[in-house]
Amino acid sequence: MRRIPSVAAAAVGLLLNVSLAVSPAWAHHAFAAEYDGKKQVHLEGVVTQMEWINPHTWIHIDVTEPDGKVTSWMVEGGSPNILLRRGFNKGSLEKGQKIAVDGFQAKDGSNRANGSNITYPDGKKLFLGSSGTGAPADPGPGK
Amino acid sequence: MRQRVLTSLMVLTAVLVSTLMVTVPVIGQAGQAPAKAKKAAYTPPKLPWGDPDLQGLWPGTDLIEVPMQRDAKAGERTEVTPEEFAQRQAKAERTAENDKVAYVAKDSKVGINPPGYWLEHGRPQKITSLVVDPPNGRIPDLTDQAKQKAAQAKQAKQGHGPNESPEDQSLYDRCISRGVMGSILPVIYNNGTQIVQGPGYVAIRYEMIHETKIIPLDGSPHPSSNIKSYMGDARGHWEGNTLVIETTNFLGDKNGIGLNGGGTPHSADMVLTEKWTRTAPDMMEYTATINDPKTWVQPWTIRMPLRLNPEFPLYEYACHEGNYAMFNMLKGARADEAAAEAAKAGKK
């Protein structure tokens, strides 16, 4: 239950971003306009709510700081439609579930972050990618 | 570092494997001309009232990796070379492998952009571009009028930040409309397209920003040109087993003919002709011809082979109700401005 902004890690994150920036039309909107590339955060907290809203989902978590103070954070997740196609549904992320988030904080300093890595406490990815549309009958690429 | 070496090795192996794998299909391709002739002869089943049955889910997911415009080096070549196809296959296999990794590595780095699980992936395609006419696969030049308009729009934005008001964002970001072509051109996710038919009508649904086009087939004319909308007015008819849709009455200078409605905006006078032809039980040939003499010096055509995928239902896309991004981007811009002001004040 801690929050560790790391300048060094943020620098690496920035480097990674430069290489990612060549990807066309990455998402629904400009993430660099929302989040501060210099404020990398690691959040460990407990899910209080998941908002299944478009264009992107939002996961709400309560993070307990080292001094015992609890702060609420909002973490931006994938589009609901793609999560549904992956088999994720409204019962998949229960209240009280512990998760860890690595991402960047909102530019205005409020408790919002992008969820670059969202994992269970053991490091397992919360949302797995998919080789196809995520539908069971889809054989995936190249088949 | 070690991971990078490993990844390189995996990539190399994947390339080699896929190169070997494509050897056989390439030989098979020599006999593809008769197969194409057979495709054209496919007769789709008929609906009870006699219209060809085009109904179903036709997502554009397979075409995500196909560029809109052809690489100039490819000239008039409509299909990639076997080597290029092997690269596309290898990339798809790499993506599939990456997607299967269940655990985040301890030292993994994160970026501001979204992670891979946000993206949908399709099967690798052989076509070189979505634009097929002009024969070089490139969007024709803009007219002088359109160039002037673009220059004026650019000038109007001088000294104006990208996030000063909600209206600085695209119609897509604002959850308004991706426009008539932006609604179907393949993008990173939510590429669902559905056709539903009834006697005298065809309805086409587009998943993201959820447009539905209801197209009368009764030969009735377009309304007065005073009536304009983002998606325009669509009228259809059958030419054999092909559904031909002519759309006019657009709001001009709004959406372009690009991904998510981006690109140079079309004019109000554009005439869009779309053709839907079922070429196999699970394949649809879709073409769209853009005729807008005020914007482009000649008409141009996009072609997309769409694969039926009953496992790709359209989920509701109620965008505006949760569009925190708009608020967040504007707030981010204000924070940037405040920081710049503070830095300025600090220097004084």
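Only a predicted model underlies this, so the values are computations on that prediction, with no experimental measurement involved. (Residues numbered from 1 in each chain as written. Chains lettered and ligands numbered in written order. Predicted model: local features only at pLDDT ≥ 70, side-chain atom pairs only at ≥ 80, totals over all residues.)

Undergrad: Hey, could you run me through the overall build of chain A in this one?
TA: Tallying secondary structure elements over chain A gives 3 helices and 6 strands in all. Helices and strands appear in chain A in the N-to-C order α-α-β-β-β-α-β-β-β. Across the 143 residues in chain A, those meeting the buried criterion constitute 42%. In chain A, of all internal contacts separated by at least 6 residues, the share reaching a separation of at least 24 is 58%. (Helix = DSSP H or I, 4+ residues; strand = E, 2+ residues; numbered from the N terminus. Buried ≥ 20, exposed ≤ 12 C-beta atoms within 10 Å, placed from the backbone. Contact = placed C-beta atoms within 7 Å.)

Undergrad: I would appreciate a short explanation of the interface of chain B and chain A in the present structure.
TA: Put simply, an interface is often sized by how much accessible area is lost when its parts join up. Taken together, the 55 residues of chain B in the interface contact 57 residues of chain A. Per-element tally for the side of chain B that touches chain A: the top contributor is helix H6 (residues 324-347) of chain B, with 10 residues. When grouped by side-chain class, the residues that make up the side of chain B that touches chain A number 26 nonpolar, 17 polar and 12 charged. (Nonpolar A, V, L, I, M, F, W, Y, C, P; charged D, E, K, R; others polar.)

Undergrad: For this particular structure, what's the right way to read unusual backbone geometry?
TA: Residues apart from glycine generally show negative phi values, whereas peptide bonds are mostly found in trans. The omega torsion of the bond from Asn54 of chain A to Pro55 of chain A falls at 0°, within 30 degrees of zero and hence cis. Relative to the helices and strands, Pro55 of chain A resides in the loop between strand E1 (35-51) and strand E2 (58-64). Here Asp133 of chain B and Pro134 of chain B are connected by a cis peptide whose omega angle stands at 5°. Counting through the fold element by element, Pro134 of chain B comes out in the loop between strand E2 (131-133) and helix H4 (144-156). Although it is not a glycine, Ile209 of chain B sits at a positive phi angle of roughly 65°. Structurally, Ile209 of chain B can be placed in the loop between strand E4 (201-206) and strand E5 (211-216).

Undergrad: Just to check I follow, could you spell out the sheet that holds E5 of chain B for this structure?
TA: What links the strands of a sheet is backbone hydrogen bonding, and the strands pair in either a parallel or an antiparallel sense. Residue and element names in this part refer to chain B. Pairing is antiparallel across the open sheet formed by 4 strands, whose spatial order is E1-E3-E4-E5. The sheet is open, and its two borders are formed by strand E1 (56-57) and E5, each paired with just one other strand. Pairing geometry for E4 and E5, over 6 bridges, is antiparallel. Each bridged residue has a counterpart across the sheet, and for Ala203 the counterpart in E5 is Ile214. (Pairing = 2+ DSSP bridges.)

Undergrad: Looking at this structure, I do not really get the sheet that holds strand E7 (residues 242-248) of chain B. What am I missing?
TA: All names here are of chain B. Read from one edge to the other, the open sheet built from 6 strands follows the order E2-E10-E9-E8-E7-E6, with strand pairing classed as antiparallel. Every other strand in the sheet has two partners, leaving E2 and strand E6 (233-239) as the edge strands with one partner each. On average, each strand axis in the sheet is inclined to that of its neighbour by 25°, with strand direction left out of account. As paired elements, E7 and strand E8 (residues 271-280) share 5 bridges and run antiparallel to each other. Its bridge partner being in E8, Leu243 is matched across the sheet by Trp276. (Axes fitted to C-alpha atoms, helices over the stretch in contact; angles between N-to-C directions.)

Undergrad: Quick question: what am I supposed to make of the environment of Asp292 of chain B here?
TA: All names here are of chain B. Looking at the element boundaries, Asp292 is found in the loop between strand E9 (283-291) and strand E10 (300-307). Taking C-alpha positions, Asp292 is 13 Å from Asp144, a pair spaced 148 residues apart along the chain. What Asp292 contacts, discounting residues up to four positions off in sequence, is His266, Ser267, Asp269 and Met270.

Undergrad: Explain the environment of Trp300 of chain B to me, please; I cannot follow it from the model alone.
TA: Residues and elements named next belong to chain B. Mapped onto the secondary structure, Trp300 falls in strand E10. In the structure, Trp300 is positioned 168 residues away from Val132 in sequence and 7.8 Å away in space, judged by C-alpha atoms. Among all residues touching Trp300, those that are not within four sequence positions of it are Val131, Asp133, Pro134, Ile139, Pro140 and Ile290.

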